[in-house]
Number of protein chains: 2
Amino acid sequence: MAAGTDKPVQLEPIEMARTAEQRFEDYLQSRGMRNTEQRKNLIKLVFSSHEHFDADQLMEKLPAKGDAGYVSRPTVYRALSEFVDAGLLRKFELDGRSVYEHDYGYPQHDHLYCSKCHSLIEFQDDRLKEIRKKVAEDHHFQDRSHRLIITGICQPCRQSRRRKRRPVDLI
Amino acid sequence: MAAGTDKPVQLEPIEMARTAEQRFEDYLQSRGMRNTEQRKNLIKLVFSSHEHFDADQLMEKLPAKGDAGYVSRPTVYRALSEFVDAGLLRKFELDGRSVYEHDYGYPQHDHLYCSKCHSLIEFQDDRLKEIRKKVAEDHHFQDRSHRLIITGICQPCRQSRRRKRRPVDLI
DNA sequence: TTGAATGCAAAGGATTTGCAGAGGC
DNA sequence: GCCTCTGCAAATCCTTTGCATTCAA
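Treat the numbers as computed from the prediction; the structure is a model and nothing was measured.

S.K.: Help me understand the sheet that holds strand 2 (residues 89-94) of chain B, please; the structure alone is not making it clear to me.
M.R.: Whether parallel or antiparallel, the strands of a sheet pair through hydrogen bonds between backbone atoms. Residue and element names in this part refer to chain B. One open sheet holds the three strands; their spatial order is 1-3-2, and the pairing between them is antiparallel. On the outer flanks of this sheet lie strand 1 (53-54) and strand 2, each paired with one strand and no other. Here two bridges tie strand 1 to strand 3 (residues 97-102), and the two strands are oriented antiparallel to one another. Paired with Asp54 across the bridge in strand 3 is Val99. Of the strands in this sheet, strand 1, strand 2 and strand 3 are in contact with helix 4 (residues 73-85), which crosses strand 2 at around 115°.

Right under this line is the structure:
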């Protein structure tokens, strides 16, 4: 995308007929599951920004134990799994932990991953679709999804080779 | 554990000036490290076939505890890490575990991953190189490696599903 | 009311680490 | 002999599970 820019290009959310919350409610409804306070808190938090995050980071954004709005760790894990199942989030693994990102209402993209500061930069390249299609056909493979991560050193880290840059929390 | 079975190799090894063992010896030498029996056993085993494997699968191929040639689990993990560092193996994550494959003497490739039987199928597409190059340039990113995994259902799994369809619940 | 969901504690599974003894070089 | 390496046990890290209680519908 836009060459000549320093900042990572931000992808634009897709226009949606239903909000993530609405879609999740449908999901719950259709399975006889309940729309609890915890699930409401989590989905609100998760969709309040489109950063990548892991379970730990999500926990840190929640109110502390004892305060209103607190959600326990097991419940966080259970909810993340439901969000993925409902098509709201996508999950992938990085350095041995699970990382989540918005799926619903967000365009397909892939990532550059800085092995120094652990930041993730999104990019889009439509040629990938073609490759995927051709390879799947060649192997009579029914493709459902793909994940491409290009690892290296991001621009800020290349420039400040000596300066210690605080790694972006979390991946 | 044990996932990621493999198909017979389809890609041809590259002609090498030095064997993996030789290269590893250089690596050890240059760092004042020792070429122990354990490391020799492991490298021989690892390069005796082209399959993808995880630490557990490698352990299972080793002689049992008490028998000659046994290597303990911590040593296996330490060695795998060294092999990666020495450029002999490449490591990636699948379903929460670390999976290894030959790097030295093996051409760049990517994978189709069957979510049903967990097999990994290798493929090559040179257009990926171009995409990687362009994206890296656009973002002033110094790319070092990439990993593309296309997930779906492999041909054998697609066929077996059609043949023996699960009957509708009777009762 | 009633079964699903939560929080707690504890378990699990993969991988790593501290350390005393073994063994390359 | 020096110093790295190994194996053992135990620790860590992330994630999941069993269960009694709480709560949405």
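Once you've had a look at it, read on.
S.K.: What should I look at first to understand the protein's contact with DNA strand D in this one?
M.R.: Residues in contact with DNA strand D amount to 19 residues; listed here are only the nearest, Tyr77(A), Thr36(B), Gln38(B), Thr75(B) and Arg78(B). Here, DNA strand D places atoms within 4 Å of the protein, and 64% of those atoms are sugar or phosphate. The separation between a phosphate oxygen of DNA strand D and a polar main-chain atom of Asn35(A) is 3.3 Å. Counting only elements with at least two residues in the surface near DNA strand D, the list comes to helix 4 (73-85) and strand 2 (97-102) of chain A together with helix 2 (37-46) and helix 4 of chain B. Counting residues per element, the surface near DNA strand D draws most heavily on helix 4 of chain A, at four residues. Class assignment for the residues of the surface near DNA strand D results in six nonpolar, six polar and seven charged.

S.K.: Just checking my understanding: could you explain the pairing of strand 5 (residues 142-153) of chain A for this structure?
M.R.: Both faces of the sheet carry side chains from a regular strand, because those side chains alternate between them. By the bridge criterion, four bridges tie strand 3 (residues 110-114) of chain A to strand 5 of chain A in an arrangement that is parallel. Counterpart to Leu112(A) in the pairing with strand 5 of chain A is Ile150(A). Two strands pair when backbone bridges link them, and strand 5 of chain A and strand 6 (residues 142-153) of chain B are joined in this way by 11 bridges, in the antiparallel orientation. Its bridge partner lying in strand 6 of chain B, Ile150(A) is registered against His146(B).

S.K.: Help me understand the environment of Val46(A) in this model?
M.R.: Residue and element names in this part refer to chain A. Counting through the fold element by element, Val46 comes out in helix 2 (residues 37-46). A residue is classified by how much of its surface remains accessible, and Val46, at 3% relative accessible area, is buried. Those residues in contact with Val46 that sit more than four places away from it in its chain are Phe53, Leu58, Phe83, Leu89 and His102.

S.K.: Any chance you could explain the packing of aromatic side chains here in plain terms?
M.R.: Any aromatic ring pair is given by two values, namely how distant the centres are and how the planes are angled relative to each other. For the structure on display, the rule yields six aromatic pairs over all chains. With a centroid separation of 5.9 Å and 25° between ring planes, the pair formed by Phe53(A) and Tyr100(A) is classed as stacked. Of this pair, Phe53(A) sits in the loop between helix 2 and helix 3 (55-61) while Tyr100(A) sits in strand 2, and the two are 47 residues apart along the sequence. Comparing Phe53(A) with Tyr100(A) shows no difference in burial state: the two are buried. With centroids separated by 4.9 Å and ring planes inclined at 80°, the aromatic side chains of Phe24(B) and Phe83(B) adopt a geometry described as edge-to-face. One end of the pair, Phe24(B), is in helix 1 (residues 20-30); the other, Phe83(B), is in helix 4, with 59 residues separating them in the sequence. Take Phe24(B) and Phe83(B): they sit in the same class, and that class is buried. Three or more aromatic residues link up through ring pairs in this structure, and these residues are Phe24(A), Tyr27(A) and Phe83(A).

S.K.: How should I be thinking about the packing of helix 2 of chain B against helix 4 of chain B in this particular structure?
M.R.: Each pair of packed helices gets described by two things: the angle between the helix axes and the distance between those axes. Residues and elements named next belong to chain B. Relative orientation of the contacting elements helix 2 and helix 4 amounts to 65°, with a least axis distance of 10 Å. It follows from the interaxial angle that helix 2 and helix 4 lie roughly perpendicular. The element helix 2 and its partner helix 4 pack so that their crossing is right-handed. From helix 2, Gln38, Arg39, Leu42, Ile43 and Val46 reach across to helix 4, where they touch Thr75, Val76, Ala79, Glu82 and Phe83. Its residues placed into classes, the contact of helix 2 with helix 4 shows six nonpolar, two polar and two charged.

Procedures and definitions
- Residues numbered from 1 in each chain as written.
- Chains lettered and ligands numbered in written order.
- Predicted model: local features only at pLDDT ≥ 70, side-chain atom pairs only at ≥ 80, totals over all residues.
- Heavy atoms only, no water.
- Pairing = 2+ DSSP bridges.
- Helix = DSSP H or I, 4+ residues; strand = E, 2+ residues; numbered from the N terminus.
- Contact = heavy atoms within 4.5 Å.
- Axes fitted to C-alpha atoms, helices over the stretch in contact; angles between N-to-C directions.
- Near = heavy atom within 4 Å.
- Polar contact = N/O pair within 3.5 Å; in protein donor to acceptor, adjacent residues only side chain to side chain.
- Nonpolar A, V, L, I, M, F, W, Y, C, P; charged D, E, K, R; others polar.
- Buried < 20%, exposed > 50% of the residue type's maximum accessible area, 1.4 Å probe, protein only.
- Phe/Tyr/Trp six-rings, centres within 6.5 Å; stacked < 30°, edge-to-face > 60°.
- Parallel < 35°, antiparallel > 145°, perpendicular 65-115°, else oblique.
- Left-handed = near helix turned anticlockwise from the far one by under 90°.

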